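Now for the letters of each chain:
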There are 2 protein chains.
Amino acid sequence: MPVTEIPPRSGAAFRLARGQVLTVIDPEGMQVSDLLAYSAEDVREVISNGRTFDYEETIALTTGARLWSNRSRVMLTIVEDSVGRHDFLLTPCSEATFRHFYPDQPVHRGCFGNLAEALAPFGVEPDMIPCAFNVFMNVPVAADGKLRVDPPVSKPGDHLRLRAEMDLIIGLTACSAYASNGGSFKPIHYSIDGGQHPQE
Amino acid sequence: MPVTEIPPRSGAAFRLARGQVLTVIDPEGMQVSDLLAYSAEDVREVISNGRTFDYEETIALTTGARLWSNRSRVMLTIVEDSVGRHDFLLTPCSEATFRHFYPDQPVHRGCFGNLAEALAPFGVEPDMIPCAFNVFMNVPVAADGKLRVDPPVSKPGDHLRLRAEMDLIIGLTACSAYASNGGSFKPIHYSIDGGQHPQE
């Protein structure tokens, strides 16, 4: 199946039909990809970390886990995971988070800005961007609740495969932040198989 | 200051002006209150667990912690906390969660339905209800990421005080779920001090 590249520090949005499988690939290793999902029928239905934590009863989401919408419907099922370490706690970085966390470095619009631009043609406004499912992102939670952002443990070619359980609009990025990917900006690859090929 | 009661399994919504302090009280102990906050100027700006986890760098939020909006602005600061145990991972229970978790018990619209009704006059639609800050809710995260919902550790009269850092619309409930409050449905009390009294 053809592989599409998301260049470093950018994002894409595309349709994913029910039954199709999206493979998110980390071609060089140690890179993060923020994933959003909206119902193709009504983009007010959106992926929800809280509903997912409710129904899966864990914050550690890997093979077999389902990603749920704010309307309590399953949007995606993780069908294969060569890494086993992802994050669903933190929101996509934006200009504001760059100013906060990297005051001495150039500001970037981050995955938030990249997702907002890519999703705008589908009717998604910036305020409709919730917590993303942060593929390959490594955020350990300490016993006292404190969070760290560590480099991903993904190696070149590692991947995550997700099956669409409804017709979706997907937003997907190659991470732009300094900490999340160990300080290097790399591309993300993805491919889609099953059913008809989606419209970009 | 006058205390308002939220009856068991119900909710309320009200204005909280910048500088006012909201006190959420558990009058009988072991009860949960779901709290939502929206900018009074534009209800598309809303409390965000992900942005809060970003900036506070912890999921354990207590005195001194700030609760942030999806637009990276501080909405509320926790100024006093006699419990020290709250949850910001799980979404308000709805009819769907009742059917899922309590298939043998009567369905209830839950805090989600109560919040949706109370917030509707302010222009908040059900799809605009994100993860609530669940005051007194006790959700331990195990080392492997698994979540439990334990009875609250709050005792009669325990409270949480939050200062509004912008003009807000607040949604607040007395929990309706079976597990969250140890199986008993109790009221929640709240009071507001500082500045002019808000309109209900």
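Residues numbered from 1 in each chain as written. Chains lettered and ligands numbered in written order. Predicted model: local features only at pLDDT ≥ 70, side-chain atom pairs only at ≥ 80, totals over all residues. Heavy atoms only, no water.

(A) Main features of the overall build of chain A. Of regular secondary structure, chain A possesses three helices and 10 strands. Ordered by position from the N terminus, the helices and strands of chain A form the series β-β-β-β-α-β-β-α-α-β-β-β-β. Relative to its length of 200 residues, chain A is compact, with a C-alpha radius of gyration of 15 Å against a globular reference of 16 Å. Among the 200 residues that make up chain A, the fraction classed as buried is 60%. A sequence separation of at least 24 residues applies to 76% of the contacts in chain A between residues at least 6 apart. Total accessible area on chain A stands at roughly 7,600 Å², and carbon and sulfur atoms take up 50% of it. (Helix = DSSP H or I, 4+ residues; strand = E, 2+ residues; numbered from the N terminus. Rg over C-alpha atoms; globule rule 2.2 N^0.38 Å. Buried < 20%, exposed > 50% of the residue type's maximum accessible area, 1.4 Å probe, protein only. Contact = heavy atoms within 4.5 Å. Areas by Shrake-Rupley, 256 points an atom, 1.4 Å probe, with all protein chains shown as cover.)

(B) Geometry of the interface of chain B and chain A. Taken residue by residue, the interface counts 33 residues in chain B and 33 residues in chain A. Of the roughly 2,800 Å² buried where chain B meets chain A, counting both sides, 52% is carbon and sulfur surface. Three residues stand out in chain B for area buried against chain A, namely Arg 51, Tyr 55 and Asp 127 of chain B, and they jointly supply 20% of the buried area on that side. The tally of links between chain B and chain A comes to four salt bridges. (Buried area = accessible area lost by both parts, 1.4 Å probe. Salt bridge = Lys/Arg side-chain N within 4 Å of Asp/Glu carboxyl O.)

(C) Representation of the relation of the copies chain B and chain A. If you rotate chain B by 180 degrees and push it 0.0 Å along the axis, it lands on chain A with an RMSD of 0.0 Å. Such a turn and shift between the copies fits a two-fold axis. Proximity to the rotation axis, assessed at the C-alpha, singles out Ala 143 of chain B in chain B; its C-alpha lies 3.6 Å from the axis. A share of 100% of interface residues in chain B that are also interface residues in chain A marks the association as one of identical surfaces. (Least-squares fit on C-alpha atoms with pLDDT ≥ 70 in both.)

(D) Main features of the side chain of Ser 72 of chain B. Mapped onto the secondary structure, Ser 72 of chain B falls in the loop between β5 (66-68) and β6 (74-81). Judged by its relative accessible area of 13%, Ser 72 of chain B is buried. Of note is the side chain of Ser 72 of chain B, whose polar atom sits 2.7 Å from the side chain of Tyr 55 of chain B. Here Ser 72 of chain B is in contact with Ser 94, Ala 96 and Thr 97 of chain A together with Arg 51 and Tyr 55 of chain B, once residues within four sequence places are set aside. (Polar contact = N/O pair within 3.5 Å; in protein donor to acceptor, adjacent residues only side chain to side chain.)

(E) Highlighting unusual backbone geometry. All names here are of chain B. Phi is positive for Glu 57, close to 60 degrees, though the residue is something other than glycine. Taking the relative accessible area as the measure of exposure, Glu 57 reaches 40% and is therefore partly exposed. The phi angle at Phe 136 is positive, at roughly 70 degrees, despite the residue not being glycine. The buried category is assigned to Phe 136, whose relative accessible area is 0%.

(F) Structural view of the packing of aromatic side chains. Per the stated rule, a full pass over the model turns up 12 aromatic pairs over all chains. Taking 4.4 Å as the distance between ring centres and 10 degrees as the angle between the ring planes, the aromatic pair formed by Phe 14 of chain A and Tyr 190 of chain A counts as stacked. One end of the pair, Phe 14 of chain A, is in strand β2 (residues 11-16); the other, Tyr 190 of chain A, is in strand β10 (residues 188-193), and 176 residues separate them in sequence. The exposure classification of Phe 14 of chain A matches that of Tyr 190 of chain A, with both residues buried. Within the aromatic cluster, the residues linked to one another by ring pairs are Phe 53, Phe 88 and Phe 133 of chain A. For the cation-ring pair, Arg 9 of chain B lies above Phe 185 of chain B, with the distance from its terminal atom to the ring centre recorded as 4.0 Å. (Phe/Tyr/Trp six-rings, centres within 6.5 Å; stacked < 30°, edge-to-face > 60°. Lys NZ or Arg CZ within 6 Å of the ring centre and 35° of its normal.)

(G) Summary view of the pattern of salt bridges. As enumerated under the stated definition, the model contains 30 salt bridges over all chains in all. The partner of Asp 42 of chain A in a salt bridge is Arg 44 of chain A, and the shortest N-O contact between them spans 3.0 Å. Of the residues examined, Arg 44 of chain A reaches a relative accessible area of 43% and is grouped as partly exposed. A salt bridge links Arg 148 of chain A to Asp 150 of chain A; the shortest N-O distance between them is 2.7 Å. Look at Arg 148 of chain A and you get partly exposed, because its relative accessible area is 48%. One network of salt bridges, with partners in common, ties together Asp 42, Arg 44, Glu 45, Arg 71 and Arg 73 of chain A together with Glu 125 and Asp 127 of chain B.

(H) Seen up close, the UniProt feature "domain: DUF1989" (unreviewed entry) in chain A. The feature "domain: DUF1989" (unreviewed entry), as given by UniProt, occupies residues 5-169 of chain A in the numbering adopted here. The span residues 5-169 of chain A is 15% helical and 27% strand by assignment, and the distance between its end C-alpha atoms comes to 18 Å. (UniProt positions renumbered as here; feature names shortened; annotations may be inferred.)

(I) Main features of the pairing of strand β3 (residues 21-26) of chain A. Residue and element names in this part refer to chain A. Counting buried positions along β3 yields six of six residues, so the element is predominantly enclosed. Across the two faces of β3 the burial is the same, with Val 21, Thr 23 and Ile 25 and Leu 22, Val 24 and Asp 26 all buried. Bridge analysis of β3 against strand β8 (residues 158-164) gives six bridges, and the strand direction is antiparallel. Residue Val 24 lies in a different strand from β8, and its bridge partner there is Leu 160. With five bridges joining them, β3 and β10 adopt antiparallel strand pairing. Paired with Val 21 across the two strands is Asp 193, which belongs to β10. (Pairing = 2+ DSSP bridges.)

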